[in-house]
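Here is what each chain is made of, one letter per residue.
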Amino acid sequence: MRWSQLFIPTLRDIPSEAEAASHQLLLRAGYIRQLAAGIYSYLFLAKRSLLKIERIIREEMDLIGAQEFHLPELHPAEVWQESGRWKMMGSDMFRLQDRWGRDLCLGMTEEEVMTTIARGELRSYKQLPQLWYQIQTKFRDEPRPKSGLMRVRRFTMKDSYSFDIDEKGLEASYRKHYNAYCRILSRSGLDYLSVEAHSGAMGGKKSHEFVLPSDAGEDVVVTCDACDYLANLEKAESTPQVIENDASTKANPLEEFETPGQKTIAEVAAFGGLPASSHIKSLAMVISEETESKAVLVLLRGDHQLSEAKLSVLVSSETVRPAHPEEIQKWFGAEVGYIGPVGISQVEIIADKALEGRSGLVAGANKNGWHLRNVTPERDFKAHFEDLREVVAGDGCPHCGQPLALKKCIEVGHIFQLGRKYSESMGLRVLDEDGKERAPVMGSYGIGLERILTGAIEQNHDEAGMMLPAAISPFEVVIVPVNFKNDDQREAAEMIYERCLKSGLDVLLDDRPERAGVKFKDAELIGIPYRVTIGKKVAEGLVELSDRSTRLSTDVTLEEAVVSIREKVQAAPLADF
Ligand code: ATP
Ligand code: MG
C-alpha cells in the first residue's frame, strides 16, 4: 500500500495519559485512539496487526481439529443463573435490560452459551470429543482499566471449549491446546513461559497460564534459576528463611504483658524487643459461600504476608475478605491489633506452615492493650497447618532449596480443565458405552489478542518506537526513497514495491513528499521490521536493507533486495511441539 493514501496519525510527543511503553507507542504510532476508559477504537495499523494474530490463532486451532463458531455477545440472564455465575461475576459483568424488562448481559466468556448448545444437541459418547471455538469481542467492566490495550473493558478473545466423555479424553484435548498455545506464541515471535496456575472464577482443577515476562505485567511468576521450578505467585511454594527457634522457650508459661497503643507487628516488636519473625500475625477473615458466611482466624509468621489466592483455594471460595471491625469485636472481644489464637474456640484457626514447631512467640491476648508472650502452637491452641503465605524473593526453592526470584509477567492465555461443573449444573448429559447417562468433562481455553499485541510491544521496543516481530507487524517491509521527487529513486522504489507485491510480501511504499528524516522516524515508530532505503547509491544499482531490531544495514543490489527480504521474513524460527 502507498503511505500517501493511508491514515496513520503518528504523534511526536509522548501522550501524558500513557505510562506503559505499549500504551504510549500504540497512541504515538497511530494504532489506537481512546473512546472512553478502557474502550478503544482500533485504527488501520492495529486492525492489521490484530488480523495477523487472529490468523495465526485460527490456523493453529484448525490444526488441532477445533471448529469455529460465531456466538451472540448478548446473553440472556437465565443461562448465567443456571451455572450460578450471574451473581458470582458481580460488577465485572455489563448488565442491561431489554424493552420487556428482561435481564441480559454482555458476554465475558462463553462456557454457558457453549454448554447450552451442547446440551441441546449432543446425545452420545460417539459424538465426542468436540472442540468448539470462537474469536470474538468480550466485555468486562474491569475495576481498573489500564495501560492502553493491556486491561480494557472490551477486547477480543479466542476461547475454545472441549467436551469429552472422560478424564483421559480431557487430558488429550488439554494437551492439544497446550501445544497449540506454544505454537501460537512462538509463531507470534514472543518470549513466553507456561506456568501452573490457580483456576480462579472458572472452577476446575488443572490449569496453566501462558505469560510474557515483562516489567509492565501484573502477574508475578516465581522462578528458580538452579532447577527450573516455575509457578504463579498465587500457587508458588517455598521453604521460608529458617528462624533458629529457642528451644528453651518451650517450657515457658504463657504470660500476658501490657502493650498500650501498640497494634501492628512492627510496633509490638519494637516495644517488646523480639523480631517480627517471633510474632504471630492474626488475621480475621470472612469466607462467603452461596448462602452463609463464616469466620476463620488465619495465622502467619509476623514477617510473612497472606496469599489470599491460596486461602481461597483452600477454603474453596472466591469471596474471602478481611473481617470488619465490628465483627472482630464480636468474635474476639478485642480490637484489630490485639486479637490472637489463644482461648478462641468458636472460630476455625488455620496457621501457615512456617509456624509449625515454633515456640516462644508473641500474639494478641484478645484484650485491648495486651499481648501474650511464650505462645507455643499446639500447646496453647489447635490449628490446621497449611501453606498460606506469599513467596518472597530469596525464599528457598521447594525443589532444590536455592533462592527463588520473582518475575513480572503479562498473562496472555489461560487453559483450564473445568471438569463437570458446567455440564452438571446446566444439565448436559450424553449416553456412554453402557447406555448410561453421563455428564461430559469440559475444558476451557482462552487467549487474548490485544494482550499478544501489547505484550509483543512491551518485549520489543526502543526509544524510537516498536519493533514488532514480522509475523504480527502491520507490514513486513517499508520502502523509503530518500527523495521521491528524484526520478531514479522513485522508479527504483516503484520497481521494488511491485516485485515485493508479486512475491507476496506485505509491503508499504513511503511515497510521501516528506523529508527523509521524517520518513525514517515514522517507519521506526510504527515498527516495521525491515526497511529498504533508496538513495544516491541507486546510481550504482545499490539500495540499503535495514533491520529494525538489530539496526544493522547492508547494501544489496536492486535485484537481490526482494529475495533478501523474503528470506528474512520467512526465517522466523518455529520450534517443534
Ligand atoms: P486477568 O487475570 O488479566 O484479569 P483473566 O484471568 O480474567 O485475566 P481469562 O478470563 O482467563 O483472564 O481470559 C483469557 C484471556 O483473555 C487472558 O489470558 C487475557 O489474554 C485476556 N483478557 C482477560 N481480561 C482482559 C482484559 N480486561 N483486557 C484485555 N485482555 C483480557
Ligand atoms: Mg480478569
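Residues numbered from 1 in each chain as written. Chains lettered and ligands numbered in written order. Predicted model: local features only at pLDDT ≥ 70, side-chain atom pairs only at ≥ 80, totals over all residues. Heavy atoms only, no water.

Student: Explanation requested: the packing of helix H2 (residues 44-63) against helix H6 (residues 167-187) in the structure shown.
Tutor: Between H2 and H6, the shortest axis-to-axis distance is 9 Å and the interhelical angle comes to 150°. In terms of orientation, H2 and H6 fall into the roughly antiparallel class. When the axes of H2 and H6 are compared, the crossing they make is right-handed. Facing Ile56, Ile57, Glu59, Glu60, Met61 and Leu63 of H2, the residues of H6 in contact are His177, Ala180, Tyr181, Arg183, Ile184 and Arg187. Class assignment for the residues of the contact of H2 with H6 results in seven nonpolar, one polar and four charged. (Axes fitted to C-alpha atoms, helices over the stretch in contact; angles between N-to-C directions. Helix = DSSP H or I, 4+ residues; strand = E, 2+ residues; numbered from the N terminus. Parallel < 35°, antiparallel > 145°, perpendicular 65-115°, else oblique. Left-handed = near helix turned anticlockwise from the far one by under 90°. Contact = heavy atoms within 4.5 Å. Nonpolar A, V, L, I, M, F, W, Y, C, P; charged D, E, K, R; others polar.)

Student: For this particular structure, what's the right way to read the domain arrangement of the chain?
Tutor: The figure often quoted for interface size is the accessible area lost as the parts come together. Assigned domains within the chain: domain 1 (46-70 + 109-236 + 406-458), domain 2 (247-386) and domain 3 (475-570). For domain 2 versus domain 3, the separation of C-alpha centres amounts to 67 Å. (Domains from an automatic or database assignment.)

Student: What's the story with the site of ligand 1 in this structure? I'm lost.
Tutor: The immediate surroundings of ligand 1 are formed by 13 residues, with Glu142, Arg151, Val152, Glu411 and Val412 found nearest. Side-chain polar atom of Glu411 to an oxygen atom of ligand 1: 2.7 Å apart, as the coordinates give it. Between Gly448 and ligand 1, the recorded distance is 3.1 Å, taken from a backbone N or O atom to an oxygen atom. The protein chains hide 85% of the 580 Å² of surface that ligand 1 would expose on its own. Those elements giving two or more residues to the shell around ligand 1 turn out to be strand E8 (154-164) and strand E21 (405-419). (Near = heavy atom within 4 Å. Polar contact = N/O pair within 3.5 Å; in protein donor to acceptor, adjacent residues only side chain to side chain. Areas by Shrake-Rupley, 256 points an atom, 1.4 Å probe, with all protein chains shown as cover.)

Student: Help me out: how do you make sense of the environment of Pro377 in this one?
Tutor: Relative to the helices and strands, Pro377 is located in the loop between strand E19 (370-375) and strand E20 (384-386). On the basis of relative accessibility, which here comes to 6%, the residue Pro377 falls in the buried class. Put simply, Pro377 and Val342 are 35 residues apart on the chain and 9.1 Å apart in space, counted from C-alpha to C-alpha. The contact partners of Pro377, leaving out residues within four places of it in the chain, are Leu355, Arg358, Leu361 and Phe385. (Buried < 20%, exposed > 50% of the residue type's maximum accessible area, 1.4 Å probe, protein only.)

Student: How should the nonpolar core be read in this particular structure?
Tutor: Soluble globular proteins tend to bury their nonpolar side chains together. Ranked by size, the top nonpolar core spans 63 residues in total, and within it Tyr31, Ile32, Ile57, Met61, Phe210, Ile452 and Ile526 carry the most contacts. Broken down by element, this core gets its largest block of residues, eight residues, from H6. Lining this core are residues from two domains, each supplying at least three of them: domain 1 (46-70 + 109-236 + 406-458) and domain 3 (475-570). Residues Trp331, Ala334, Tyr338 and Ile344 belong to the second largest nonpolar core, which totals 27 residues. (Core = buried A, V, L, I, M, F, W, Y, C linked by side-chain atoms within 4.5 Å.)

Student: Help me understand the environment of Leu552 in this model?
Tutor: By the element assignment, Leu552 lies in the loop between strand E30 (542-547) and strand E31 (553-557). In this structure Leu552 comes out as exposed when scored by relative accessible area, which is 60%. Spatially, the C-alpha atoms of Leu552 and Asp434 are 66 Å apart, while their sequence positions differ by 118 residues. With near-sequence residues (within four places) excluded, Leu552 lies in contact with Leu545, Ser546 and Asp547.

Student: Explain the pattern of salt bridges here, please?
Tutor: Note on pairing: side chains with opposite charge can pair once their charged atoms come close. Counted under the stated rule, the structure contains 39 salt bridges. The salt bridge partner of Arg2 is Glu494, with a shortest N-O separation of 2.8 Å. On the criterion of sequence distance, the pair formed by Arg2 in the segment before helix H1 (21-28) and Glu494 in helix H12 (residues 487-502) is long-range, its members being 492 residues apart. The salt bridge partner of Glu255 is Arg373, with a shortest N-O separation of 2.7 Å. (Salt bridge = Lys/Arg side-chain N within 4 Å of Asp/Glu carboxyl O.)

Student: Honestly, the pairing of strand E2 (residues 39-42) in this entry has me stumped. Any pointers?
Tutor: The side chains of a regular strand alternate between the sheet's two faces. Alternating residues of E2 divide into Tyr40 and Tyr42, all buried, and Ile39 and Ser41, none buried. In this structure, strand E1 (residues 32-36) lies alongside E2, joined through four bridges in antiparallel fashion. Directly across from Ile32, in E2, lies its bridge partner Tyr42. In textbook terms, the turn of a hairpin is the stretch between consecutive antiparallel strands, and for E1 and E2 this stretch comprises two residues, one of which, Gly38, has a positive phi near 70°. (Pairing = 2+ DSSP bridges.)

Student: Got a minute to help me understand the environment of Arg2 in this structure?
Tutor: We classify Arg2 as partly exposed; its relative accessible area is 24%. In this structure, the C-alpha to C-alpha distance between Arg2 and Ser564, residues 562 residues apart in sequence, is 22 Å. Residues within four places of Arg2 in sequence aside, it is in contact with Glu494, Tyr497, Leu508, Leu509 and Asp511. Engagement of the side chain of Arg2 in a polar contact is seen with the side chain of Glu494, the distance being 2.8 Å.

Student: Help me understand H6 in this model?
Tutor: For an α-helix the count is 3.6 residues per turn, leaving residues at separations of three or four pointing the same way. Compared with the 30 Å implied by 1.5 Å per residue over 21 residues, the 30 Å span of H6 between its first and last C-alpha is a close match. Along H6, the residues classified as buried are Gly169, Leu170, Ser173, Tyr174, His177, Tyr178, Ala180, Tyr181, Cys182, Ile184, Leu185 and Ser186. After H6 finishes, the residue Gly189 shows a positive phi value of roughly 80°. (Expected span 1.5 Å × (residues − 1).)

Student: I tried to follow the packing of aromatic side chains on my own but got confused; where do I start?
Tutor: Each aromatic ring pair is characterised by the separation of its centres together with the angle its planes make. On inspection of all chains with the given rule, the structure shows seven aromatic pairs. Considering the side-chain rings of Tyr181 and Phe210, the 5.4 Å spacing of their centres and the 55° angle between planes classify their relative orientation as tilted. With Tyr181 in helix H6 and Phe210 in strand E10 (residues 207-213), the pair connects residues that are 29 residues apart, well separated along the chain. Among the residues examined, Phe210 registers a relative accessible area of 0% and is labelled buried. Look at Tyr192 and Phe210: their rings are 6.5 Å apart centre to centre, the planes differ by 40°, and that puts the pair in the tilted class. Placement of Tyr192 in the loop between H6 and strand E9 (193-196) and of Phe210 in strand E10 is noted, with a sequence separation of 18 residues between them. Members of the aromatic cluster, each reached through a chain of ring pairs, are Tyr178, Tyr181, Tyr192 and Phe210. Over the face of the ring belonging to Phe475 we find Arg48, whose NZ or CZ atom lies 4.2 Å from the ring centre. (Phe/Tyr/Trp six-rings, centres within 6.5 Å; stacked < 30°, edge-to-face > 60°. Lys NZ or Arg CZ within 6 Å of the ring centre and 35° of its normal.)

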